[in-house]
Amino acid sequence: MSIHTPPPIKKLTVQDIRAAKNRTEPFLALTAYTAPIAQLADKHADVVLVGDSVGMVLYGMPNTLGVTLEMMMTHGRCVAQFCQRALCVVDMPFGTYQASPAQAFKNSARIMKKTGAGAIKLEGGAEMAHTIRFLVERGIPVLGHIGLRPQQVHVMGGYKVQGKTEDQIEMLKADAKAVEEAGAFAIVVEGTMEHVSREITASVNIPTIGIGASPACDGQILVTEDVLGLVAGAKAKFVKPYANLYQDAEAALQTLEADVKARRFPGPENLYIKTK
Ligand code: KIV
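Read on for a plain summary of the structure. Keep in mind it's a predicted model, so treat the numbers as computed, not measured.

Brief notes about the site of the ligand
By nearness alone, every residue bordering the ligand is listed as Thr31, Leu49, Gly51, Asp52, Ser53, Asp91, Lys121, His145, Val188 and Ile211. Within the side chain of Ser53, an N or O atom sits 2.5 Å from an oxygen atom of the ligand. In the model, an oxygen atom of the ligand is placed 3.2 Å from a nitrogen or oxygen of the Asp91 side chain. When isolated, the ligand has an accessible area of 250 Å², and the protein chains bury 94% of it. Taking a 2 Å distance to the grid points as the criterion, the majority of the atoms of the ligand fall inside the largest pocket. Its residues assigned to classes, the shell around the ligand shows three nonpolar, four polar and three charged.

Description of the pairing of strand 5 (residues 142–147)
Across the six residues that make up strand 5, a large majority, six, are buried. Since strand 4 (residues 119–121) and strand 5 lie parallel, the crossover through helix 6 (residues 129–137) that links them has a hand, and here it is right-handed. Pairing analysis gives five bridges linking strand 5 to strand 6 (residues 186–190), with the strands arranged parallel. Counted as the bridge partner of His145 is Val188 from strand 6.

Details of the packing of helix 4 (residues 69–80) against helix 5 (residues 101–115)
As a packed pair, helix 4 and helix 5 sit with axes 8 Å apart at the nearest point and diverge in direction by 35 degrees. Read as a crossing pair, helix 4 and helix 5 show a hand that is right-handed. Only Asn107, Arg110, Ile111, Lys114 and Thr115 of helix 5 make contact with helix 4, whose side of the interface consists of Leu69, Glu70, Met72, Met73, Gly76, Arg77 and Ala80. A per-class count over the contact of helix 4 with helix 5 returns five nonpolar, three polar and four charged.

Description of the environment of Ala251
Tracing the backbone shows Ala251 in helix 11 (residues 245–261). Separated by 50 residues in the primary sequence, Ala251 and Thr201 have C-alpha atoms spaced 43 Å apart.

Side note on the side chain of Glu190
On the secondary structure map, Glu190 appears in strand 6. No salt bridge is formed by the buried Glu190. Its closest oppositely charged neighbour is Lys121, at 6.3 Å. If sequence neighbours within four positions are ignored, Glu190 has contacts with His145, Ile146, Gly147, Leu148, Pro150 and Ile211.

Notes on the environment of Glu250
In this fold, Glu250 is placed in helix 11. Overall, Glu250 belongs to the partly exposed group, its relative accessible area being 48%. Residues Glu250 and Ala174, 76 residues apart in the sequence, show an inter-C-alpha distance of 47 Å.

Cut-offs and rules
- Residues numbered from 1 in each chain as written.
- Predicted model: local features only at pLDDT ≥ 70, side-chain atom pairs only at ≥ 80, totals over all residues.
- Heavy atoms only, no water.
- Near = heavy atom within 4 Å.
- Polar contact = N/O pair within 3.5 Å; in protein donor to acceptor, adjacent residues only side chain to side chain.
- Areas by Shrake-Rupley, 256 points an atom, 1.4 Å probe, with all protein chains shown as cover.
- 1 Å grid on protein atoms, 1.4 Å probe; cavity = no way out; pocket = protein on both sides within 12 Å on 5 of 7 lines; lining within 4 Å.
- Sits in = over half its atoms within 2 Å of the grid points.
- Nonpolar A, V, L, I, M, F, W, Y, C, P; charged D, E, K, R; others polar.
- Buried < 20%, exposed > 50% of the residue type's maximum accessible area, 1.4 Å probe, protein only.
- Helix = DSSP H or I, 4+ residues; strand = E, 2+ residues; numbered from the N terminus.
- Right-handed = clockwise from strand over helix to strand, strands pointing away.
- Pairing = 2+ DSSP bridges.
- Axes fitted to C-alpha atoms, helices over the stretch in contact; angles between N-to-C directions.
- Left-handed = near helix turned anticlockwise from the far one by under 90°.
- Contact = heavy atoms within 4.5 Å.
- Lys, Arg positive; Asp, Glu negative; His and termini not counted.
- Salt bridge = Lys/Arg side-chain N within 4 Å of Asp/Glu carboxyl O.

See below:
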């Protein structure tokens, strides 16, 4: 090896993410559905999730229920190849894992084979514990997802903050414990209050990754397009845009349109010149 060869990048594994429970510093997880966002996210996040939020963010669906296995495989394959360091996790879409452990295995094995991702994520608490165990025992690492579960939007009657009563908090803790004991390597906790996240986080030995769930979690996950301000329209309270790329893009296209109409574009620097 020449002295100029950079050292190989160490790819994070589910064991590394599990070990992040004992870190004092929270870690970052980001979503990605496309090559450019995957390349960016891989530089800053320990976990890159190909979330089923792809349906809403890229396809303009009203919720995540219409997302298919084929969509997840297409976006998963694209993103996984750009995850040089981060652990790539692909979401199981609605209706592809809830019927039985066998259905979950068949479809998550397809995702693992087709995408090259390192793990899958599925939504569910105690009721999915048997399925999670079935998958993990057969070689499929699972990231759990409890609290607000977007695939349950119709049952919940909307996207509602979870854990508002003592009973609900106990149920969330029971969900987290069941998911941990079934063998998940970490748990996404969505849409709950700080004291609830703190209790959940303290009650399990695997990392919690919060979204709309306060800094009391071991890590934070966000939709990258939300962070970059790439999505037009109202934002959830828990989203903090660190850029306004939609506005910037709009301004850029307005300038381009004006330049085309005034024949300022293409300019001399954009022309092929006859050399001989
Ligand atoms: O689908 C998704 O993007 C998610 C996360 C934001 C947790 O489930």
